[in-house]
Amino acid sequence: MLAESARGFLDEKAPVKHLRDMRDAGKTHDPALWKEMAEMGWAGILIPEEFGGVDMGHAAAGVLATEMGKTLVASPFLSSSVIAATALKQVSDARAGEALAAIASGERTYALAIDEKSKFNPEGTEMPARREGNGFRLSGKKTFVIDGGFADRLLVLARTGDGLTLFDIPADRAGITRETQSMIDSRDAARVVFDEVEATGEDVLGQVDDAMSVLKPALEAGQAALAAELSGVAAGAFGMTVGYLKERKQFGLLIGQFQALQHRAADLWCQTEVTASAIAHAGRMLDADPENATLAVSLAKARATETAKQAVIEGVQMHGGIGMTDAFDMGFFMKRARAGAEWLGDYGYHAETVARLKGF
Amino acid sequence: MAQETEELAGFRAELRDWLEENCPAEMRDGSSPEDHTCWGGRNWVFESDAQKAWLNRCAAQGYTVPTWPREYGGAGLSRAEEKVFLSELARIDARLPLQSFGIWMLGPALLHFGTPEQKAHYLPPIARGEVRWCQGYSEPGAGSDLASVQTKCEDKGDHYLINGQKIWTSYADKADMIFALVRSDREAKKHLGITFLLIDMRNEGVSTRPIKLISGVSPFCETFFDNVVVPKVNDEGISAVVGTVNRGWDVAKYLLTHERSMISAMGTGLGGARPLGAVLKDDLDGDLDTSLRAAAMKAEIDSLAIGLTLERYKDMANSGQGVGDASAMLKYVGTELNKDRHELMMSAGGSDALEWGGAFGDRPADWLRTKANSIEGGTTEVMLGIVSRRVLGLPG
């Protein structure tokens, strides 16, 4: 039901061409599209009804993310409505409630500023938030801040003495400079420089030196939704490819008649089915037993990363030369799959998590 | 774990008490090797009194075939209850009381295609472990191309006369009965002249010869039919044909989907098996090298995801959605994974794993045995062909 209605809306309002048009116009965000998504309740999919959300849970968020992935929809859904909303839900004060309401209505967007190096490693965060008087001073540089070019607020992870602390601050606070990155997937990302940025105790989300009790659930929610999006990316690329196998002729035959291609296409379908099970399981675990969802989430992200990679590589190869052209959409899928592979932990990061939880 | 309904929690508590009282201590080594499997049958020799008691107690409750209807020897459990049942067995590491081709293959086919009389006659002895069945499908000239079976079935009025040869019949030398695909119409198109026939192995003219495999064991046989007389109805008036004469392919295909799902479960380490990486680490008595560890991580990830896929498909089947051709997917991914896992176990075992019955016991034989997984029940290539044509609709 949710999938069908989302599909109908996205096919009309946000087909792949929408991303292409945005790229050609030099844009990474479409506020009008996001407003419509918010009106349908998508921005508040995880937000309690008392704050204006629809509170449908992580499995439903995964269904939406999958549908968005199929046509490479660029929106603040993951950053704001999944990651930031989940972080804010861990805190029960009036400001968090107000922030959740602003996300649900679509009027406020968030970006998560964690990465400092080229690989995801939240525990290895070095950027200091130095204590000064009653507050803090943040100095350093964050990279790969997804949606950081346009977001209204930033969730910033910084080192405070022995621990890590998560700050929730406006993106235009004095001392913050945002430098837009020109990303291969045509989506928004920024390098954010913090030059003696002031923060108060009010700006801390959760407790000082204890970022992870707020951030871990938020990251896992984001990883599961990103895995779901990647499964949509795989499905979108695969659908185009199977269609092409049924219409393209070479050597007087449909190329789908060649067993070498049939078996690779069949293997890819099998892998997408196996990955779909892992993604559904992650959504269920986040809804039913979020304290113990880490294994399920890492399993989903690891599988989705690999399946999306296989789908886009086969997608280009089976299309042949046309798959390499910018005029054809397959390249957009390949580039999104690569960016999605890195964001919030790559295959190796999540495979290590599985191995650690499985005792080796 | 999500919250269990009150009803399921009640069932779990009752079951736990029952198991505590009825599962002998000797049977609580469920992760033990295959040679402790209880297959049942007329000639079965129990390895211990405990094995016999465990089978009989379970059979009395319907727990050898928990999801079959009670009237046919099952416990009539729902899918949710079955999950509870299996998780409670795993919790105390209990062996399955009985395994057989009757349970995995013929039973589901009879439940779907059998007459009420056939069900009442054949199913309860399977559930009680009294009759052991084998599967007569492949022939020397009909492997992957199963529908080209040639074993001849002639209609002689009150009986059929069978002549021909089957191959790869698992445990035919130990079986009491065989369910076989036979060619009953030589003129019809090959899928349309096949009959699914039930034959008593005691009949005159039936003989078997074990085939020794590269693993050193002989789980498979050649089975010969030399002028075998099969009455159309037996002494109790039960028909020897399942489904319709010449339409046995429908039954065969249905049964194959069950066989494939069963084989696919092998590689997933379901049922309480330890994570592969932990096993390998113990084997090496130290850390895994980088390449072995990376391969073990991938195998573990695939194993978990394929296990979830088996569960998802069982749930779909249970809610009435046809999974038919998708069983080819389960079979393909499950068996390839199982081969990978055994390659890694051999690698971790190093030279110690090269010795028959050495430090790692059956490991080399098990490794070699897994190579058949992607051949038996339809090869990997046949599975991919089914997916490409029937699921993806690619042109033939």
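In this report, we go over the structure that sits alongside the text.

Turning our attention to empty space enclosed by the protein. All names here are of chain A. Within this structure, the stated rule accounts for four cavities of 30 Å³ or more. Looking at the largest cavity, its volume works out to about 110 Å³. Lining the largest cavity we find Met-68, Val-73, Ser-75, Phe-77, Leu-78, Ser-79, Ile-146, Asp-147, Arg-187, Glu-229, Arg-336 and Trp-343. The leading source of residues in the lining of the largest cavity is helix H5 (residues 77–89), at three residues. Its residues assigned to classes, the lining of the largest cavity shows six nonpolar, two polar and four charged. Computed from the structure, the second largest cavity encloses a volume of approximately 70 Å³. Lining the second largest cavity are Leu-112, Ile-114, Asp-115, Phe-120, Phe-144, Ile-146, Trp-343 and Leu-344. Class assignment of the residues belonging to the lining of the second largest cavity gives a composition of seven nonpolar, no polar and one charged.

What follows concerns the nonpolar core. Of all hydrophobic cores here, the largest spans 135 residues; its most connected members are Phe-77 and Trp-269 of chain A together with Leu-280 and Met-329 of chain B. Of the residues forming this core, the biggest block, 18 residues, is contributed by helix H7 (residues 212–245) of chain A. By size, the runner-up hydrophobic cluster in this structure holds 38 residues, among which are Ile-103, Leu-110, Ala-147 and Val-149 of chain B.

Moving on, we come to the packing of helix H1 (residues 6–22) of chain B against helix H2 (residues 49–61) of chain B. Residue and element names in this part refer to chain B. H2 packs onto H1 with a crossing angle of 150 degrees between their chain directions and a minimal axis gap of 11 Å. Between H1 and H2, the angle is such that the two are roughly antiparallel. As for the relative orientation of H1 and H2, their crossing is right-handed in sense. Where H1 abuts H2, its residues Trp-18, Leu-19, Glu-21 and Asn-22 lie against Trp-54, Arg-57, Cys-58 and Gln-61.

Here we come to the side chain of Ser-231 of chain A. Along the polypeptide, Ser-231 of chain A turns up in helix H7. In this view, Ser-231 of chain A contacts Thr-66 and Ile-279 of chain A; residues no more than four positions away in its chain are not counted.

Take the sheet that holds strand S7 (residues 189–199) of chain A next. Residues and elements named next belong to chain A. Spatial ordering of the open sheet is given by S2-S3-S7-S6, a layout of four strands whose pairing is antiparallel. Every other strand in the sheet has two partners, leaving strand S2 (129–132) and strand S6 (176–180) as the edge strands with one partner each. Sheet twist, expressed as the mean angle between neighbouring strand axes with direction ignored, is 5 degrees. Note: strand S3 (residues 135–146) against S7, eight bridges, orientation antiparallel. Bridge pairing links Lys-141 to Val-193 in S7.

The subject of this paragraph is the packing of aromatic side chains. Working definition: an aromatic ring pair is given by the centre-to-centre distance plus the angle between the planes. All names here are of chain B. Applying the stated rule across the entire model yields 17 aromatic pairs over all chains. Each ring, one from Trp-39 and one from Trp-104, has its centre 5.8 Å from the other, and the planes form 85 degrees; the classification is edge-to-face. One end of the pair, Trp-39, is in the loop between H1 and H2; the other, Trp-104, is in helix H4 (residues 101–113), with 65 residues separating them in the sequence. Classification of Trp-39 by relative accessible area gives buried; the value is 9%. When the centroid spacing of 5.9 Å and the interplanar angle of 10 degrees are considered together, the rings of Phe-179 and Phe-196 count as stacked.

This part covers the interface of chain B and chain A. Each partner contributes to the interface: chain B provides 36 residues, whereas chain A provides 35 residues. In total, about 3000 Å² of surface goes out of reach between chain B and chain A, with carbon and sulfur atoms giving 71% of it. We note a salt bridge from Glu-352 of chain A to Arg-293 of chain B, for which the minimum N-O separation is 2.9 Å. Linking chain B with chain A are twelve residue pairs in polar contact (both at pLDDT 80 or more). Of all the elements in the fold, those that place two or more residues in the side of chain B that touches chain A are helix H7 (276–284), helix H8 (290–318), helix H9 (326–349) and helix H11 (380–391) of chain B. Ranked by the residues each element gives to the side of chain B that touches chain A, the list is headed by H8 of chain B, at 14 residues. Looking at the side of chain B that touches chain A residue by residue, the class counts come to 23 nonpolar, six polar and seven charged.

Parameters and conventions
- Residues numbered from 1 in each chain as written.
- Chains lettered and ligands numbered in written order.
- Predicted model: local features only at pLDDT ≥ 70, side-chain atom pairs only at ≥ 80, totals over all residues.
- Heavy atoms only, no water.
- 1 Å grid on protein atoms, 1.4 Å probe; cavity = no way out; pocket = protein on both sides within 12 Å on 5 of 7 lines; lining within 4 Å.
- Points joined across faces, edges and corners; volume = space filled by probe spheres on them.
- Helix = DSSP H or I, 4+ residues; strand = E, 2+ residues; numbered from the N terminus.
- Nonpolar A, V, L, I, M, F, W, Y, C, P; charged D, E, K, R; others polar.
- Core = buried A, V, L, I, M, F, W, Y, C linked by side-chain atoms within 4.5 Å.
- Buried < 20%, exposed > 50% of the residue type's maximum accessible area, 1.4 Å probe, protein only.
- Axes fitted to C-alpha atoms, helices over the stretch in contact; angles between N-to-C directions.
- Parallel < 35°, antiparallel > 145°, perpendicular 65-115°, else oblique.
- Left-handed = near helix turned anticlockwise from the far one by under 90°.
- Contact = heavy atoms within 4.5 Å.
- Pairing = 2+ DSSP bridges.
- Phe/Tyr/Trp six-rings, centres within 6.5 Å; stacked < 30°, edge-to-face > 60°.
- Buried area = accessible area lost by both parts, 1.4 Å probe.
- Salt bridge = Lys/Arg side-chain N within 4 Å of Asp/Glu carboxyl O.
- Polar contact = N/O pair within 3.5 Å; in protein donor to acceptor, adjacent residues only side chain to side chain.

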